[in-house]
Amino acid sequence: MRQRLATWLSTMLVGLALAVAADAQVVIKLGTIAPEGSVWSDALQRIAQAWQAESGGKVELRIFAGGVLGGEDELVRKLQRRVIDGVTLSGSGLPTLDRSFECLNIPLLFESGDELDYVRDRIGPAIERRLEAKGFVVLNWAIAGWVNIFSKEPIRLPEDLRRARFWMTSGSPETEKVYKAFGIQVVPLPDTDMMTGLQTGLIDAMAAPPLYALLDRSFQVADNMLDLHWGALNAATVVRADAWARVPAELRPRLIEAARREGMAMRDVGRKAGEDAIREMQKRGLTVAVLTEAERSRWRDEAMLAYPGLRGPYCPAELYDDVMRFHAESRRPR
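Treat the numbers as computed from the prediction; the structure is a model and nothing was measured.

## What about the side chain of S218?
Take S218: it is sitting in the loop between α8 (210-215) and β8 (224-240). Sequence-distant contacts of S218, that is, excluding residues within four places in its chain, are made with M194, M195, L198, M206 and A213.

## Some points on the packing of aromatic side chains
All chains considered together, the criterion is met by six aromatic pairs. Ring geometry for F166 and Y179: centres 5.3 Å apart, planes at 80°, overall edge-to-face. Taken together, the residues span a long stretch of sequence, with F166 in strand β5 (residues 165-169) and Y179 in helix α6 (residues 173-181) at a distance of 13 residues. Exposure remark for Y179: the relative accessible area of 10% places this residue in the buried category. Taking the centre distance of 6.2 Å and the plane angle of 90° together, the rings of W230 and W299 count as edge-to-face. Highlighted residues: W230 in strand β8 and W299 in helix α11 (residues 293-306), separated in sequence by 69 residues. Across this residue pair, the class does not change: W230 and W299 are buried. Cluster of aromatic residues (ring-pair linked, three or more members): F166, Y179, W230 and W299.

## Notes on the packing of helix α2 (residues 39-54) against helix α10 (residues 252-283)
Running from N to C, α2 and α10 point in directions that differ by 160°, and their axes come no closer than 10 Å. In terms of orientation, α2 and α10 fall into the roughly antiparallel class. Judged by the twist between their axes, the crossing of α2 over α10 is right-handed. Note on element contacts: α10 touches α2 through R254, L255, A258, A259, E262, M266, V269 and A273, opposite V39, W40, A43, R46, I47, A50, W51 and E54. A class-by-class count of the residues in the contact of α2 with α10 yields twelve nonpolar, no polar and four charged.

## With respect to helix α4 (residues 113-133)
In this model α4 runs 29 Å from its N-terminal to its C-terminal C-alpha over 21 residues, within 8% of the 30 Å that 1.5 Å per residue would give. The sharpest bend along α4 reaches about 40° and sits at I123, with the proline P125 one to four residues further on. Among the residues making up α4, those that are buried are G113, E115, L116, D117, Y118, V119, R120, I123, G124, I127, E128 and L131. One or two residues past the end of α4 sits G135, with phi positive at roughly 90°.

## A word on the nonpolar core
Core analysis: the largest hydrophobic core is formed by 88 residues, its most contacted members being F150, F166, W230, V238 and W299. Per-element accounting of this core gives the leading share, nine residues, to strand β4 (residues 136-151). Contacts of V238, omitting those with residues within four sequence positions, involve D85, G86, V87, L94, L97, L131, F136, V137 and V138. Membership of the second largest hydrophobic core comes to 22 residues, among which are L30, I63, V247 and L255.

## Let's talk about the environment of I155
As for its placement among the helices and strands, I155 is situated in the loop between β4 and α5 (158-162). Here the alpha-carbon distance between I155 and M225, two residues 70 residues apart in the chain, equals 7.7 Å. Excluding its chain neighbours within four sequence positions, the residues that come into contact with I155 are I149, D160, L161, A164, A205, L226, A289 and W299.

## Description of the pairing of strand β2 (residues 59-64)
Residues of β2 alternate between two faces, with V59, L61 and I63 buried on one and E60, R62 and F64 left unburied on the opposite face. Inspection of the sheet shows strand β1 (residues 26-32) paired to β2 by six bridges, in the parallel sense. Paired with G31 across the two strands is F64, which belongs to β2. With α2 bridging β1 and its parallel neighbour β2, the resulting β-α-β unit is right-handed.

## Points about the pattern of salt bridges
Scanning the model with the defined rule gives 33 salt bridges in all. Between R162 and E302 there is a salt bridge; the shortest N-O distance is 2.4 Å. Here R162 is found in helix α5, whereas its partner E302 is found in helix α11, with 140 residues between them in sequence. E280 is the partner of R284 in a salt bridge, and the nearest nitrogen-oxygen pair spans 3.1 Å. Residue classification places E280 among the partly exposed residues on the basis of a relative accessible area of 26%. A single salt-bridge network, built from bridges that share partners, covers R82, D85, R240, D242 and R246.

How each quantity is defined
- Residues numbered from 1 in each chain as written.
- Predicted model: local features only at pLDDT ≥ 70, side-chain atom pairs only at ≥ 80, totals over all residues.
- Heavy atoms only, no water.
- Helix = DSSP H or I, 4+ residues; strand = E, 2+ residues; numbered from the N terminus.
- Contact = heavy atoms within 4.5 Å.
- Phe/Tyr/Trp six-rings, centres within 6.5 Å; stacked < 30°, edge-to-face > 60°.
- Buried < 20%, exposed > 50% of the residue type's maximum accessible area, 1.4 Å probe, protein only.
- Axes fitted to C-alpha atoms, helices over the stretch in contact; angles between N-to-C directions.
- Parallel < 35°, antiparallel > 145°, perpendicular 65-115°, else oblique.
- Left-handed = near helix turned anticlockwise from the far one by under 90°.
- Nonpolar A, V, L, I, M, F, W, Y, C, P; charged D, E, K, R; others polar.
- Expected span 1.5 Å × (residues − 1).
- Bend = angle between axes of the 7 residues up to and from the residue.
- Core = buried A, V, L, I, M, F, W, Y, C linked by side-chain atoms within 4.5 Å.
- Pairing = 2+ DSSP bridges.
- Right-handed = clockwise from strand over helix to strand, strands pointing away.
- Salt bridge = Lys/Arg side-chain N within 4 Å of Asp/Glu carboxyl O.

The following block contains the structure:
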């Protein structure tokens, strides 16, 4: 009898230990289209390593990179259906969570990283509050690089772009309206179908960060690049609030700090990687159209005419006003 009781107690203790161990392990499944081995996926891996160290192995960030779970619109659907717990999205995918992200995607608004950082650092908290109201937590902000226009035929002026079939990621009807307001013929496709679209002639121009064009080799088909910052490819890592609540409360500030630290580091890394990518693609046959100042002014002037129409339908009115005010401030001598 005594032996059976000892065996039973031993079994119970082992079972209890296993249950405690299982409870202690929190897995956050995160999806991204960032290619494996890119500076972006490497940054996520560093966050995963930091979380492992900071939590003493209690929290695991499990990353599904390279679009293996689909394009950004599909990643958002999987996030909303609780198939995954978090996403790292570019500025193309983030507005599907909340259109306030479009306020940082206004074409041709930002000419330098300093301007972008100044504005984003000031309106970021307002965007984060909007996400919190929808049940999401922003873990970090980053920049995936500047976006340039790549095309099969050379593009120098706005009228050249209007003759092209221009790719945009699917799932953002407001962005589609903006492009159409510029007179651009857009073809919405998932990120994962962009390359096929180029190869089949469904599209013949696209906006993409140079590093992405290098990694997926789309520059070999669209082998002309316009030397103009069409926009900044902002990025953010977002998790569902209910998934984040599984992380022990005492660990959350340290894990967010680790994620934000890496996001800050990516600002400079992402920009430099883009510059390096352009030089590498030029070695492999990419033609870069360097604009005169008069040609650059043509693009800026046409963009400014369209900006008032973005207030409200594209960027929420109160945020639009803040963006324009902070943008003007960013250009003042300090």
